[in-house]
Amino acid sequence: RTNDKYNTYTVNVYGNYNFSLNNAHNFNVMLGGNAEGISYEGFSGERMQLINQQLPELNLATGSQYASSWAGHSGTAGYFGRINYDYKGIYLLELNGRYDGSSSFPAGDKWAFFPSMSAGYRFSEEAYFAPLKDIVNNGKLRFSFGEIGNDAVGQYMFLSTIEKISDSSVHWLNGSNKVNQFDMPTLVSSSLTWERIRTMDIGLDLGFMNNSLTVGFDWFQRENRDMLAPAKVLPDVVGASAPYENAGTLRTRGWELSLNWNHRFGEFDVYANFNIGDAKT
């Protein structure tokens, strides 16, 4: 017999405001916050040697019986904001920021700030580009850079815990009974915080033949910083594994090229696309 109960509470609140100045400077501002809490609990009971297989009840068994229970909770919260700006649809800018907290980390390391931004330049809308507009209908340069946080590091990684060793692995007796035996306390780092995922992208978009043919090229880099990993090798005489720390880094660099074509022949739409890319981690 097993019984589980999970509760999830979620709230999201945000507001948006947009305005223009002199019919040229366009703004869009957004502010908000979100929070999520999760709690769970459960228990199970087991007993061997049923008297009647058709009546699976704990009280109708005669063998050994076992019981266990579990419980836990976690929560995240954050505040976020975004500002979008464009000048006559030529110069584009977006600024983002998040301030996030998680129960997965100790008191002094729960909160972290994650910024990001992106910018674009539509050079095809400039007056100097007009002679080429019949050939290149759309041209845009792009750049983006930002960070997001990852708190999926497991629960209570910052708490030192002691685990009971199973009776089958215990070889000490107190009279005729096995003694209770426990592992060494786990070692934990004095500081443990968010993994930061940092991305950077530089891109170019081109459109030809009334945008029937579009070309996109991107160079990108992705870095996972402060990844949880054992930071050092400890001798066996310590009796416990090395603690996990924000010690790992992973970097990927690469590029992508995409070609897209579409055309309408009477009542038929025809399209094709081609993609190629390469990356090294």
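This text goes with the structure placed above it.
Presented here is a report on the structure given in the accompanying data block. This structure is a prediction, so every number in the text was calculated from the model and none was measured.

So, how was this worked out
Residues numbered from 1 in each chain as written. Predicted model: local features only at pLDDT ≥ 70, side-chain atom pairs only at ≥ 80, totals over all residues. Heavy atoms only, no water. Helix = DSSP H or I, 4+ residues; strand = E, 2+ residues; numbered from the N terminus. Rg over C-alpha atoms; globule rule 2.2 N^0.38 Å. Contact = heavy atoms within 4.5 Å. Areas by Shrake-Rupley, 256 points an atom, 1.4 Å probe, with all protein chains shown as cover. Lys, Arg positive; Asp, Glu negative; His and termini not counted. Charge placed at Lys NZ, Arg CZ, Asp CG, Glu CD. Phe/Tyr/Trp six-rings, centres within 6.5 Å; stacked < 30°, edge-to-face > 60°. Buried < 20%, exposed > 50% of the residue type's maximum accessible area, 1.4 Å probe, protein only. Pairing = 2+ DSSP bridges. Axes fitted to C-alpha atoms, helices over the stretch in contact; angles between N-to-C directions. 1 Å grid on protein atoms, 1.4 Å probe; cavity = no way out; pocket = protein on both sides within 12 Å on 5 of 7 lines; lining within 4 Å. Points joined across faces, edges and corners; volume = space filled by probe spheres on them. Core = buried A, V, L, I, M, F, W, Y, C linked by side-chain atoms within 4.5 Å. Patch = residues over 30% accessible without salt bridge, like charges linked within 9 Å, V, L, I, M, F, W, Y side chains within 5 Å. Salt bridge = Lys/Arg side-chain N within 4 Å of Asp/Glu carboxyl O.

## Regarding the overall build of the protein chain
When its secondary structure is counted, the protein chain shows zero helices and 12 strands. Since a compact globule built from 281 residues should have a radius of gyration of about 19 Å, the 29 Å found for the protein chain marks it as more spread out than a globular shape. Seen along its three principal axes, the alpha-carbon backbone of the protein chain occupies a region of about 100 × 50 × 40 Å. Contacts in the protein chain between residues far apart in sequence, at least 24 positions, make up 59% of those at least 6 positions apart. For the protein chain, the exposed area adds up to about 19,200 Å²; of that, 56% sits on carbon and sulfur atoms. Charge centroids of the protein chain, computed over 22 positive and 29 negative side chains, lie 2 Å from each other.

## Points about the packing of aromatic side chains
Within this structure, the stated rule accounts for 13 aromatic pairs. Plain terms: the ring middles of phenylalanine 114 and tryptophan 194 are 5.5 Å apart, the flat faces sit at 70° to each other, and that makes the pair edge-to-face. Taken together, the residues span a long stretch of sequence, with phenylalanine 114 in strand β5 (residues 111-121) and tryptophan 194 in the loop between β8 (177-178) and β9 (195-208) at a distance of 80 residues. The two residues phenylalanine 114 and tryptophan 194 agree in class, both being buried. The interplanar angle of 70° and the centroid separation of 5.4 Å between the aromatic rings of phenylalanine 123 and phenylalanine 129 together place this pair among those described as edge-to-face. The same class applies to phenylalanine 123 as to phenylalanine 129, namely buried. Three or more aromatic residues link up through ring pairs in this structure, and these residues are Tyr87, Tyr91, Tyr121, Phe123 and Phe129.

## Brief notes about the sheet that holds strand β10 (residues 213-230)
Spatially, the 10 strands line up as an open sheet ordered β1-β2-β3-β4-β5-β6-β9-β10-β11-β12, and their pairing is antiparallel. In this open sheet, the two edge strands, each paired with only one partner strand, are β1 (2-21) and β12 (268-280). Averaged over all pairs of adjacent strands, the angle between their axes in this sheet comes to 10°, without regard to strand direction. Bridge count for strand β2 (residues 25-47) against strand β3 (residues 65-87) is 23 bridges, and the pairing is antiparallel. Bridge pairing links serine 44 to serine 68 in β3.

## Quick word on the layout of surface pockets
Roughly 340 Å³ of volume is contained in the largest pocket. Taken together, 21 residues line the largest pocket, and the ones lying closest to its centre are Leu159, Thr161, Thr186, Leu187 and Val188.

## Considering the environment of phenylalanine 129
Here phenylalanine 129 shows up in the loop between β5 and β6 (136-150). Since its relative accessible area comes to 10%, phenylalanine 129 is described here as buried. It is 9.6 Å that separates the C-alpha atoms of phenylalanine 129 and glycine 139, two residues lying 10 residues apart in sequence. When neighbours within four sequence positions are excluded, phenylalanine 129 is seen to be in contact with Phe123, Ser124 and Val136.

## Let's talk about the nonpolar core
Grouped together as the largest cluster of nonpolar side chains are five residues: Phe105, Ala112, Phe114, Val153 and Trp194. In contact with valine 153, other than residues within four places in its own chain, are Ser104, Phe105 and Leu228.

## Re the pairing of β5
In this sheet, β5 lies alongside strand β4 (residues 91-102) in antiparallel orientation, the contact comprising 11 bridges. Considered in β5, the bridge of glycine 97 is made with proline 115. As defined by bridge partners, β5 adjoins β6 across six bridges and the pair is classed as antiparallel. From the neighbouring strand, serine 116 faces β6, where its bridge partner is glycine 146.

## So, a nonpolar patch on the surface
A cluster of nonpolar residues, Phe143, Phe145, Ile202, Phe217, Trp219, Trp255, Leu259, Phe274 and Ile276, forms a patch on the protein surface that exposes about 750 Å² of accessible area. Within the residue set of the nonpolar patch, elements represented by two or more residues are β6, β10, β11 (244-265) and β12. Looking at the secondary structure, you find phenylalanine 217 in strand β10.

## Focus: the pattern of salt bridges
Pairing between side chains of opposite charge can happen when the charged atoms of each approach one another. With the rule as written, the count across this model stands at 13 salt bridges. The shortest N-O distance in the salt bridge between arginine 122 and glutamate 125 comes to 3.4 Å. Given a relative accessible area of 26%, arginine 122 falls into the partly exposed group. Accessibility expressed as a relative area gives 33% for glutamate 125, which makes it partly exposed.

Any functional reading would require information that these geometric values do not contain.
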